[in-house]
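# Examination of the molecular architecture
Spelled out from the first residue to the last, the chains are:
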Amino acid sequence: MAIITNLSLTNPKLDLEDIYKGVYAPSSGLATSLEVLNGGLEQTNYNGGNVSIEPWMVQNGTFAQGFYHGFDRWEHTYGYQISTDDDSRIVHSALSTKVFIPWEANVVMYGFQAWFEHDADYDETRPEIWTYRLKIKSTQTAQDTVLENADHQTALQGKLPWGRSDKTAAHPTAGFMPEEQWRYVHKQGMLTSVKKGFFTFELDISATLDEDNGDSKIKTPTGGVWVLALR
Amino acid sequence: MAIVRPDSSTTIDKTDITDMHENVRTEINAVPASNIGRGCFNHHHFQASSNGVVLFSHVENELDDAAISSNATSELGGFLLNKENVISASLAQSLTSFDGKVYVLVQFNCQIGQYQTAAGDNKNPEEEVMAIFGISYVYKNSLGITSSETLKAESVRCVHFPHNKLYDSTSSAKTQDITVSLSCVLKFESDEQELTTVNAIASLLRGAAPTSPGWAADDKYTILNGTLTILGLRGD
């Protein structure tokens, strides 16, 4: 572990402060302090060789921490619940989470995948459509505040449109939900320079439906969310 | 570890202090790997994110609608010759300052919007038509020579447009809205010099024998909400 440099005392007389800083100065960042072993190890220390740090010496979670939540129990959201008002969109609880990131992360990668089965009917003037939107909140170094980055969020939203139907009738004979219109959605994104703190990942649902179709629903049979923080 | 300390009843001077420090320093600096315990270091022992496993990172979002009208007339062979850049990340990222190999994780996702005529009218896509996506890159080798643009073959994805029997030209019912997601890992040897650019590319792929009503040569499709993320990681 070639990191502690030699101690050079410049004062002509022996000074207690010099000795103190040479041995224990946790906040000084001085490489001569033996305290450098507590928080001061850097790239030099794991460049390889017999005196450097090997991966097995390092505890899991030191450089990377991840979270995954997968589910295979159906979640239903009904048209009766839906609003397009920003504050009233329905949170998809299985595709939402809040993760604590215990250290300043160089990058945080995140994403979700889900199999959506949505009722969407055909209407010449207003075809029905469901929308999903991911909201992320984190703390970035540059702003030092909670961030809701519009660009990152916009890249993670989408539509679940009315799709293929019977070739002779607007409604398929079996009713709603022609399976050809269902979507398997997989999206991911990345933030850089994220500070220690909570990372919130929230997917919400809205829809444009005929007023008579409040009993239309979107089902999610399976899906998952993941967050990976790297130093 | 044996640390030499001043004798009792002698005067401690500067040299004694620096000598003791030198003793400790030398011992600690020379601790061999075999004397280090398993899992004895955690995040408290290392400096902040600047000394982690991430060497470089880059995020590029392209949220506006774009149209892809290039036609790849054959599969991979014609893709690079007939592609359009969905997102182009000009990195000029030097690799020479990193020790060892560098692995670069590239991920791209976007959404296919609509299939259209050249005039921008919505059109019901035929079954012989597919959207094709991939990731390409340009780098400088160990001699500093810039490579030609290379397609990372395992990143390539083809997507069929759903055929809609009730399609009409006035409503927005023809919206496709298919999520496209692809990724790959680029590996660079320790003597390779620079990752110059990374591109998310797209084209249109057609069957050889169009059927009635058939596709038109200048058909296109729209894409939106694209994200390209690039992550450089320390290799072994």
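Since we're looking at a predicted model, the values are computed, not measured.

Conventions we followed
- Residues numbered from 1 in each chain as written.
- Chains lettered and ligands numbered in written order.
- Predicted model: local features only at pLDDT ≥ 70, side-chain atom pairs only at ≥ 80, totals over all residues.
- Helix = DSSP H or I, 4+ residues; strand = E, 2+ residues; numbered from the N terminus.
- Buried ≥ 20, exposed ≤ 12 C-beta atoms within 10 Å, placed from the backbone.
- Contact = placed C-beta atoms within 7 Å.
- pLDDT = per-residue confidence, 0-100.
- Pairing = 2+ DSSP bridges.
- Core = buried A, V, L, I, M, F, W, Y, C linked by C-beta atoms within 7 Å.

## Observations concerning the overall build of chain A
Of regular secondary structure, chain A possesses two helices and eleven strands. Of the regular secondary structure in chain A, the N- to C-terminal order runs α-β-β-β-β-β-β-β-α-β-β-β-β. In chain A, buried positions account for 35% of the 231 residues. A separation of at least 24 residues holds for 78% of the contacts in chain A among residues at least 6 apart in sequence.

## Examining the overall build of chain B
When helices and strands are tallied, chain B shows two helices and ten strands. Along chain B, from the amino end to the carboxyl end, the secondary structure elements read α-β-β-β-α-β-β-β-β-β-β-β. The contacts of chain B with a sequence gap of at least 6 include a subset with a gap of at least 24, amounting to 83%.

## Structural notes on the environment of Ser83(A)
You can see Ser83(A) is positioned in the loop between β2 (75-78) and β3 (90-91). Overall, the presence of 11 C-beta atoms within 10 Å leaves Ser83(A) in the exposed class.

## So, the confidence of the model for chain A
Mean pLDDT over chain A: 79, with 75% of residues reaching 70 or higher. Between residues 165-174 of chain A, whose pLDDT stays under 50, and residues either more than four places distant or in other chains, the model counts 13 contacts.

## Some details on the environment of Phe79(B)
Residues and elements named next belong to chain B. Its location among the elements puts phenylalanine 79 in helix α2 (residues 76-79). Distance in space between the C-alpha atoms of phenylalanine 79 and leucine 205 is 8.6 Å, their sequence separation being 126 residues. Those residues in contact with phenylalanine 79 that sit more than four places away from it in its chain are Ala72, Ile132, Gly134, Leu151 and Ser203.

## As for the environment of Leu95(B)
All names here are of chain B. In this structure, leucine 95 sits in the loop between β4 (84-94) and β5 (102-116). For leucine 95, a count of 21 C-beta atoms within 10 Å corresponds to the buried category. Considering only alpha carbons, one finds leucine 95 and lysine 140, 45 residues apart in sequence, at a separation of 9.3 Å. Setting aside its immediate chain neighbours within four residues, leucine 95 contacts Val102, Phe188, Glu192, Gln193, Glu194 and Leu195.

## A closer look at the pairing of strand β10 (residues 197-208) of chain A
All names here are of chain A. As paired elements, β3 and β10 share two bridges and run antiparallel to each other. Following the sheet pairing, valine 91 is matched in β10 by aspartate 204. Both strand β4 (residues 97-101) and β10 contribute to a ladder of five bridges, which runs antiparallel. Across the sheet, isoleucine 101 pairs through a bridge with glycine 197, a residue of β10. Note that strand β6 (residues 129-139) and β10 share nine bridges and pair antiparallel.

## With respect to the nonpolar core
Counting residues in each nonpolar core, the largest one holds 77 residues, and the members touching the most others are Val107(A), Val108(A) and Ala202(B). In terms of residues, this core owes the most to one element, strand β5 (residues 105-118) of chain A, which gives eight residues. In this structure Ala202(B) touches Ile68(B), Lys83(B), Glu84(B), Val86(B), Ala131(B), Ile132(B), Phe133(B) and Ile223(B), once residues within four positions along its chain are discounted.

## Overview of unusual backbone geometry
Residues and elements named next belong to chain B. Phi at alanine 92 is positive, roughly 45 degrees, even though this residue is not glycine. In the Ramachandran plot, asparagine 225 falls in the positive-phi region, its phi being about 55 degrees despite a non-glycine side chain. Positionally, asparagine 225 belongs in strand β10 (residues 220-234).

## Details of the confidence of the model for chain B
Residues and elements named next belong to chain B. Residues with a pLDDT of 70 or more make up 86% of chain B, whose mean pLDDT is 83. By mean pLDDT, the top-scoring element of chain B is β4 (94), and the lowest-scoring one is strand β3 (residues 71-72) (74). For the stretch residues 169-173, pLDDT sits under 50, and the model shows ten contacts to residues farther than four places along the chain or on other chains. Here the prediction assigns the complex a pTM of 0.84, and the interface score ipTM is 0.83.

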